[in-house]
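# Structural characterization, general
Here is how the chains run, residue by residue.
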Amino acid sequence: MSAFYVTTPIYYVNGEPHAGNAYTTIAADVLARYHRLKGAEVFFLTGVDEHAANVYNAAKEDGLSPQAYCDKMAPTFIKLWERLNISHDIFFRTTSDMHKRGAQKFLNALYANGDVYKGMYEGHYCLSCEEFFPEKELTGEKICPIHQLPLQWLEEENYFFRLSKYQDRLLAHIHENPDFVYPAARRNELLHFLESGLQDVSISRASLSWGIPFPFDAAHIIYIWIEALSNYITALDYETESERYQTFWPADVHMMGKDITRFHALLWPAMLMAANLPLPKQVVGHGWLTKDGEALSKTRGIFIDMDADIATYGVDAFRYYLLREFSFGNDGDYRPTRLHARYNADLANDLGNLLNRVLGLLNKNFEQIPAPTTPGEFDDEIRAMAQTTIDQLDAHIAAFAYDSALEAIWKFVRRINRYVQQTQVWTLAKPDTKPRMGTILYNSLEALRLISVLISPFIPDTAEKIQKQIGLEEFDTVTEWGHLPTDMTVSRGEPIFPRVETQKRKRKQAKPKGADALKQKAEKKTSPLVSFADFQKLDLRVARILSAEPIQGADRLLKLQVDLGTEKRHLVAGIAEHYAPDTLIGKQVIVVANLEPATIRNVESQGMILAASGESVVLATPEADVPLGTQVR
Ligand code: ME8
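As the structure is a computational prediction, the values presented were derived from the model and not from experiment.

## With respect to the environment of V562
- Here V562 is to be found in strand 18 (residues 554-563).
- Separated by 551 residues in sequence, V562 and Y11 place their C-alpha atoms 48 Å apart.
- Look past the residues within four positions of V562 in its chain and what remains in contact with it is A543, R544, I545, L546, E567, K568, R569, L571 and V591.

Next comes the structure, spelled out in structure tokens:
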């Protein structure tokens, strides 16, 4: 059995965990779950970094001893990971004895190699980064370029690590191992940084008391970054070089945000080289989550309200949104309206409705899951697509392309929706066509079972719910077509993603007042009658959506291109809060084709698409695919 070791950073406990920490931990969780699914023996480490000066200060402010403060804060992380369904194998604390002993052994190894010496240190120090900033990186005021907080001047005798000695070996390692640092942008930043030359780093503090004492000089404590980085081996019990250590080191993936990639891809490997230990295989520095385009900041009150969004949409929707919406290496702007759109479009509409529909038809027409006795049109295509979807996932996961992985799975979900539609399976209940009906329903349900396996690393709760509704008692992870047993009773099926109305999302917003309230009242009244002749003036046509994209500065609007059979047109639709753009492509819709063009946000809208527009907005689509341009009367 192959081994797979994945880590998150150990987070500072100077505050409660936030959505940025959640993002990294969910991403690492997907890897852990994916590799378990593939049969690997996985070790997934997460935990907290407790000996930092910022933790010491937070404890002081809280009127607690540092240890008591850590004991109070560490459980807030554990609680969040439970809530987010994180499947870590260890929650590691750096105040644990195992870590203390391991960190000291590691320091001894560096010392024994002759890479530690005593010297004087002075410089501008950021308590939040726990890092010195060279004069050349600072402009005028001595402010931390990352945290925008005043830097402290620090001067003391320290132990140093000969980082400069490893410059050439590090350069060679990064050049020879193109996948060592991911993504390429981070790798290039590092190469650039390396080329400007590495300086030795101070690795002890004489001025601080909160930390792990130096093994060979108790007047110093180990500099927090050296101590923290060593957690990746101390958590495996490096001290005794136990079986766990033998099995899992070197790590397969160190996952983190781009802020700390440099520590992990330069300092940590150099220390491992000095201790004659193997290097981790990959260091992954993902992009930064922002809120409404701004950096998350406790001081400025810019945060992502995870609690509210999880309460409204559920944990899996939150996980799905983070993984599906953003390209992992890049920054991503968190927007509740987009989470809402993804929930309703991808989860409730595409996946939830498909499951409900298939279970509903099965329950209505069969006692048990029927055997697939009667092959027909589209079946081979469906089966082939199931296989391609499965085959694509390895490559997407290896490239940390969570968004592409989910997109590939959802293409398959939408294909099954179309299969149900194209075969008009609900019309096949007559005795001579019933075997074909049974086959189509078997295939659709088998596709759903496979889908549940494929989504299980991303949205594990949903995966389990789907299999329970199918009637499987134990989670079936087999990714071969045809594994679904027949002669099994399926459940009635509860909606796995009940629609969340815009109203509920906006529940905290004030009630409309004045003119808005009057407008809403007026809308409730019945409309005046129109003559048939007037109605006939409307030219309603079936069109297919070819492309959909957001409109800059307009949260509610999407720019669509539609094909009316004889011509293509652009139009603007106020559906961005309800549909993610890529879920619209390929959908048939009904367009008012003879509406006067109007310019909205600099886009000429040449028509209008019809939608049921109440508390939520649902597009009107023909019941089955029809030729484009067909008139609707
Ligand atoms: O740096 N977007 O801990 P930390 C995405 N203790 N991810 C974010 C984020 C954001 N806006 N903000 C934070 C430390 N993160 C050290 C690590 S490891 C040996 C020691 C995530 O509590 C991201 O993973 O400041 C980032 O690298 C990490 O939280 C920083 O956590």
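There is more to say, and it comes next.
## Here we look at the site of the ligand
- Taken together, 24 residues lie near the ligand, and I10, T24, D49, D259 and L289 sit nearest.
- Here G257 contributes a backbone N or O atom positioned 3.0 Å from an oxygen atom of the ligand.
- For the ligand, the protein covers 92% of the area, taking 670 Å² as the surface of the free molecule.
- Elements with a minimum of two residues in the shell around the ligand: strand 1 (3-12), helix 1 (19-37), helix 7 (224-229), helix 8 (231-234) and strand 12 (253-257).
- Sorting elements by how many residues they give to the shell around the ligand places strand 1 first, with four residues.
- Here the residues of the shell around the ligand sort into 13 nonpolar, nine polar and two charged.

## Let's talk about unusual backbone geometry
- With omega at -5°, the peptide bond leading from Y182 into P183 counts as cis.
- Relative to the assigned elements, P183 resides in the loop between strand 7 (181-182) and helix 6 (184-195).
- Of note, the bond from W249 into P250 is cis; its omega dihedral lies within 30 degrees of zero at 5°.
- Residue position: P250 is located in the loop between helix 9 (243-248) and strand 12.
- Positive phi outside glycine occurs at N85, with the angle close to 65°.
- Secondary-structure assignment places N85 in the loop between helix 3 (66-83) and strand 3 (90-93).

## Considerations on the sheet that holds strand 16 (residues 332-334)
- The sheet built from three strands is open, its strands ordered 15-14-16 with mixed pairing. Looking at which strands have only one partner, the edges of the open sheet turn out to be strand 15 (294-295) and strand 16.
- Here two bridges tie strand 14 (residues 289-291) to strand 15, and the two strands are oriented antiparallel to one another. Residue pairing in the sheet places T290 in a bridge with A295 of strand 15.

## Overview of the domain arrangement of the protein
- Splitting the protein by domain gives domain 1 (3-304), domain 2 (331-470) and domain 3 (532-632).
- Distance between the C-alpha centres of domain 1 and domain 3: 51 Å.

## Here's the deal with the pattern of salt bridges
- Under the counting rule described, the total for this entry stands at 31 salt bridges.
- Residue R414 pairs with D350 through a salt bridge whose shortest N-O separation is 3.5 Å. Here R414 is found in helix 15 (residues 402-422), whereas its partner D350 is found in helix 13 (residues 336-365), with 64 residues between them in sequence. Neither R414 nor D350 differs from the other in exposure class; each is buried.
- Across the pair E567 and R569 runs a salt bridge, and its minimum N-O distance is 3.1 Å.

## Considerations on a nonpolar patch on the surface
- A cluster of nonpolar residues, V530, F532, F535 and L538, forms a patch on the protein surface that exposes about 410 Å² of accessible area.
- The topology assignment puts L538 in the loop between helix 20 (532-536) and strand 17 (540-551).
- Looking at L538, the relative accessible area reads 40%, which means it is partly exposed.

## Quick notes on the pairing of strand 2 (residues 41-49)
- Summarising burial for strand 2: eight of the nine residues are buried, a large majority.
- Relative to strand 2, strand 1 runs parallel, the two being bridged by eight bridges. When the sheet's bridge partners are listed, Y5 is paired in strand 2 with F43.
- In this fold, strand 1 hands off to helix 1, which returns the chain to strand 2; that crossover is right-handed.
- The pairing of strand 2 with strand 3 spans four bridges and is parallel.

## A closer look at helix 17 (residues 460-470)
- Along helix 17, the positions that sit buried rather than exposed are P460, T462, A463, I466, Q467, Q469 and I470.
- Structurally, helix 17 contributes buried residues whose contacts are with helix 1, helix 12 (315-325), helix 13 and helix 16 (434-455).
- Downstream of helix 17 by one or two residues, G471 has phi in the positive range, about 110°.

## Focus on the packing of aromatic side chains
- A complete count under the given rule lists 31 aromatic pairs for this structure.
- Between F328 and Y402, the ring centres sit 5.0 Å apart and the planes meet at 80°, which makes this aromatic pair edge-to-face. Within this pair, whereas F328 is found in the loop between helix 12 and strand 16, its partner Y402 is found in helix 15, the two being separated by 74 residues in sequence.
- Among the aromatic residues, ring-to-ring pairing joins Y5, F43, F106, Y232, Y238, Y245, F248, W249 and W268 into one connected group.
- Here the guanidinium or amino end of K105 rests over the ring plane of Y238, the centre of that ring lying 4.8 Å away.
- Above the face of the F366 ring, K434 is positioned so that its terminal group lies 4.9 Å from the ring centre.

## Considering the packing of helix 15 against helix 16
- Packing of helix 15 against helix 16 leaves a shortest axis separation of 11 Å and a crossing angle of 165°. On the basis of the axis angle, helix 15 is roughly antiparallel to helix 16. The chirality of how helix 15 crosses helix 16 is left-handed. Residues I409, W410, F412, V413, I416, Y419 and V420 of helix 15 lie in contact with helix 16, whose contacting residues are R436, I440, N443, S444, A447, I451, L454 and I455.
- Its residues placed into classes, the contact of helix 15 with helix 16 shows 12 nonpolar, two polar and one charged.

## Description of the sheet that holds strand 4 (residues 116-126)
- The four strands lie next to each other as 5-4-6-8, forming an open sheet whose pairing is antiparallel. With one partner strand each, in any of the chains shown, strand 5 (131-133) and strand 8 (201-202) form the two edges of the open sheet.
- Across two bridges, strand 6 (residues 152-161) lies against strand 8 in antiparallel orientation. When the sheet's bridge partners are listed, F161 is paired in strand 8 with V201.
- Seen against the sheet, helix 10 (residues 261-274) touches strand 5, strand 6 and strand 8 and runs at an angle of roughly 35° to strand 6.

About the thresholds
- Residues numbered from 1 in each chain as written.
- Predicted model: local features only at pLDDT ≥ 70, side-chain atom pairs only at ≥ 80, totals over all residues.
- Heavy atoms only, no water.
- Helix = DSSP H or I, 4+ residues; strand = E, 2+ residues; numbered from the N terminus.
- Contact = heavy atoms within 4.5 Å.
- Near = heavy atom within 4 Å.
- Polar contact = N/O pair within 3.5 Å; in protein donor to acceptor, adjacent residues only side chain to side chain.
- Areas by Shrake-Rupley, 256 points an atom, 1.4 Å probe, with all protein chains shown as cover.
- Nonpolar A, V, L, I, M, F, W, Y, C, P; charged D, E, K, R; others polar.
- Pairing = 2+ DSSP bridges.
- Domains from an automatic or database assignment.
- Salt bridge = Lys/Arg side-chain N within 4 Å of Asp/Glu carboxyl O.
- Buried < 20%, exposed > 50% of the residue type's maximum accessible area, 1.4 Å probe, protein only.
- Patch = residues over 30% accessible without salt bridge, like charges linked within 9 Å, V, L, I, M, F, W, Y side chains within 5 Å.
- Right-handed = clockwise from strand over helix to strand, strands pointing away.
- Phe/Tyr/Trp six-rings, centres within 6.5 Å; stacked < 30°, edge-to-face > 60°.
- Lys NZ or Arg CZ within 6 Å of the ring centre and 35° of its normal.
- Axes fitted to C-alpha atoms, helices over the stretch in contact; angles between N-to-C directions.
- Parallel < 35°, antiparallel > 145°, perpendicular 65-115°, else oblique.
- Left-handed = near helix turned anticlockwise from the far one by under 90°.

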